[in-house]
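Chains, contacts and geometry: an overview
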Amino acid sequence: MRIGILSRNRELYSTRRLCQAAEDRGHQVSVVDYLRCYLNITSHRPRVLYGGRELDFDAVIPRIGASHTYYGAAVVRQFEMQGVYSANDSEAVVRSRDKLRAMQLLAGAGLGLPVTGFAHSPKDVPRLIEDVGGAPLVVKLLEGTQGNGVVLAESGQAAESVVSAFRQLDADILVQEFIEEAEGADLRAFVVGGRVIAAMRRQGPAGDFRSNLHRGGTAHRVQLTAQERSLAQRSAKVLGLNIAGVDIIRSHGGPLVVEVNSSPGLEGIESASDRDVAGRIIDFVQHHSRRGKIRDRLNA
């Protein structure tokens with residue numbers, strides 16, 4: 001098979017591991033900077049070009065950065081128009097990156113979530129805070145990643161100040177209840193093809209409620225409960241993701257989904273779980289790739 005990995009940096013751990021796993025299985029693999037791709041949009045022969053040559057793959061694995069979702073998804077969509085299989089289709093990537101839409105879809109499917117509020121006008125901030133249960137609460141920028149743009153407001157006054165400040169900057173935010181019993185930890189369930197293939201528990205550094213490894217958190221292997229495993233699998237399915245990192249926190253009321261990532265990193269999960277996650281992804285792509293099958297769903 002000819003596999004294209006859409007990544008801006010071939011030296012990233014995740015990109016290198018996917019290349020290694022593909023090559024170990026005898027596939028031809030190329031790393032393509034999707035921002036350097038340009039598109040020839042025609043009805044008779046849609047093409048993706050890179051450096052003056054047409055790209056020809058049997059399958060692509062999108063590793064699209066959050067700040068380039070729009071263009072990256074357009075490149076994936078163009079491959080889909082050619083009949084190229086995508087490990088995560090373009091609409092699923094866009095759907096998962098819109099945190100508000102993702103949470104609405106998950107809530108609509110009856111999945112457990114922290115109580116969440118969203119409003120446009122600063123005049124509605126006091127009511128918004130009251131509706132999610134008051135302080136302490138978590139304020140999240142819709143465009144934030146890896147723990148950036150996430151603030152814990154420990155008092156009502158602090159919450160109003162933070163929310164109002166973000167809204168004055170015309171930044172879209174979510175306001176969520178703070179799950180104190182989680183103690184700065186969460187679970188990352190790695191889903192491939194509808195199954196949880198690896199899981200880890202991430203613990204934030206002392207004094208930080210965020211558990212992101214990029215912010216100094218630590219991780220170790222964890223055994224998920226049947227309820228947590230089902231929640232992760234259903235979350236990925238609702239958003240249409242074949243490959244997903246589902247972040248879950250344990251609360252007194254049961255497990256809650258806090259985020260679903262369409263381009264989850266491999267380094268932390270492989271180190272913590274001692275699983276060949278990259279190999280499982282390549283095996284999934286190899287099994288499901290069918291040349292000529294258009295994945296893009298215009299009504300999604």
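All values derive from a computational prediction rather than experimental measurement. Residue indices begin from 1 for each chain and proceed along its sequence in written order. With pLDDT at 70 or above as the cut-off, local features in this predicted model cover only qualifying residues; side-chain atom pairs require 80 or more to be listed or tallied, and sums for whole chains, interfaces and linings still use all residues. Note that the side-chain values use all heavy atoms of the structure and ignore hydrogens as well as water.

On to the overall build of the protein, then. Each helix is a run of DSSP H or I of at least 4 residues and each strand a run of E of at least 2, with the numbering of both proceeding from the N terminus. Along the backbone of the protein there are nine helices and 16 strands. For the exposure calls, accessible area comes from a 1.4 Å probe over protein chains only, and a residue counts as buried if that area is under 20% of its type's maximum, exposed if over 50%, partly exposed in between. Taking all 300 residues of the protein together, the buried fraction comes to 51%. Sequence-distant contacts in the protein: of pairs separated by 6 or more residues, those separated by 24 or more amount to 67%. Using the Shrake-Rupley algorithm and a 1.4 Å probe, accessible areas are obtained, with residue cover drawn only from the displayed protein chains. Accessible area for the protein stands at about 14200 Å²; split by element, carbon and sulfur atoms hold 46% of it. Contact definition: two residues touch when any of their heavy atoms are within 4.5 Å.

To continue, consider the nonpolar core. Considering soluble globular proteins, one finds that nonpolar side chains tend to be buried as a cluster. Here, the term nonpolar core denotes a set of buried Ala, Val, Leu, Ile, Met, Phe, Trp, Tyr and Cys residues that are joined through side-chain atoms within 4.5 Å. One finds L18, I61, F190, V277 and I281 to be the most contacted residues of the largest nonpolar core, which totals 27 residues. Elements that contribute at least two residues to this core include exactly β1 (2-6), α1 (13-24), β2 (28-32), β6 (59-62), β12 (185-192), β13 (195-203), α8 (267-273) and α9 (277-288). Among the elements that take part in this core, α9 stands out by supplying six residues, more than any other. Every residue in contact with I281, bar those within four places of it in the chain, is listed here: L18, I61, F190, V192, I243 and L266. By size, the runner-up hydrophobic cluster in this structure holds 26 residues, among which are L106, L187, A199 and L241.

Our next topic: the packing of aromatic side chains. Note on aromatic contacts: the rings of Phe and Tyr and the six-membered ring of Trp form a pair at centre separations within 6.5 Å, being stacked when their planes are under 30 degrees apart, edge-to-face when over 60 apart, and tilted otherwise. Tallied over the entire structure, the rule returns one aromatic pair. Both rings, one in F57 and one in F79, keep their centres 5.9 Å apart while their planes meet at 45°; by these two values the pair is tilted. Note that F57 is positioned in the loop between β5 (53-54) and β6 and F79 in helix α2 (residues 69-81), a separation of 22 residues in sequence.

So, about the environment of E160. Relative to the elements of secondary structure, E160 occurs in helix α6 (residues 156-168). For the pair E160 and L128, spaced 32 residues apart in the sequence, the C-alpha separation amounts to 9.5 Å. Residue contacts for E160: discarding those within four places in its chain leaves V125, P126 and I129.

On to the confidence of the model for the protein, then. Looking at the protein as a whole, its pLDDT mean stands at 87, while 90% of the residues score no less than 70. Here pLDDT means the predictor's own confidence in every residue, given as a number from 0 to 100. A low-confidence stretch, residues 294-300 stays under pLDDT 50, and its non-local contacts, those more than four residues away or across chains, total 19 contacts.

With that settled, the discussion passes to the packing of helix α4 (residues 99-108) against helix α7 (residues 226-239). Where α4 meets α7, the closest approach of the two axes is 10 Å, and the angle between their N-to-C directions is 120°. Between α4 and α7, the angle is such that the two are oblique. Viewed along their axes, α4 and α7 form a crossing whose handedness is right-handed. Only S235, V238 and L239 of α7 make contact with α4, whose side of the interface consists of A102, L105 and L106. The residue classification treats Ala, Val, Leu, Ile, Met, Phe, Trp, Tyr, Cys and Pro as nonpolar and Asp, Glu, Lys and Arg as charged. All others, Gly included, are polar. Split by residue class, the contact of α4 with α7 holds five nonpolar, one polar and no charged. Helix axes use the C-alpha atoms of the stretch in contact, all axes being lines fitted to C-alpha atoms, and the angles between their N-to-C directions lie in the range 0 to 180 degrees. Throughout this description, any angle smaller than 35 degrees is read as roughly parallel, any larger than 145 degrees as roughly antiparallel, any in the 65 to 115 degree range as roughly perpendicular, and the remainder as oblique. Helix crossings get a hand from a simple test, with the near helix turned counterclockwise from the far one by less than a right angle marking a left-handed crossing and a clockwise turn marking a right-handed one.

With a 1 Å grid laid over protein atoms only, a set of points is called a cavity when a 1.4 Å probe fits there but cannot get out and a pocket when it is open yet has protein on both sides within 12 Å along at least five of seven lines; lining residues have an atom within 4 Å of a point. Grid points are joined across faces, edges and corners, and a volume is the space filled by probe spheres set on the points. As a volume, the second largest pocket reaches approximately 150 Å³. In terms of lining, the second largest pocket is formed by 13 residues, of which the most central are I197, A198, A199, R229 and R275. In terms of residues, the lining of the second largest pocket owes the most to one element, β13, which gives five residues. Here the lining of the second largest pocket is built from residues that sort into six nonpolar, two polar and five charged.

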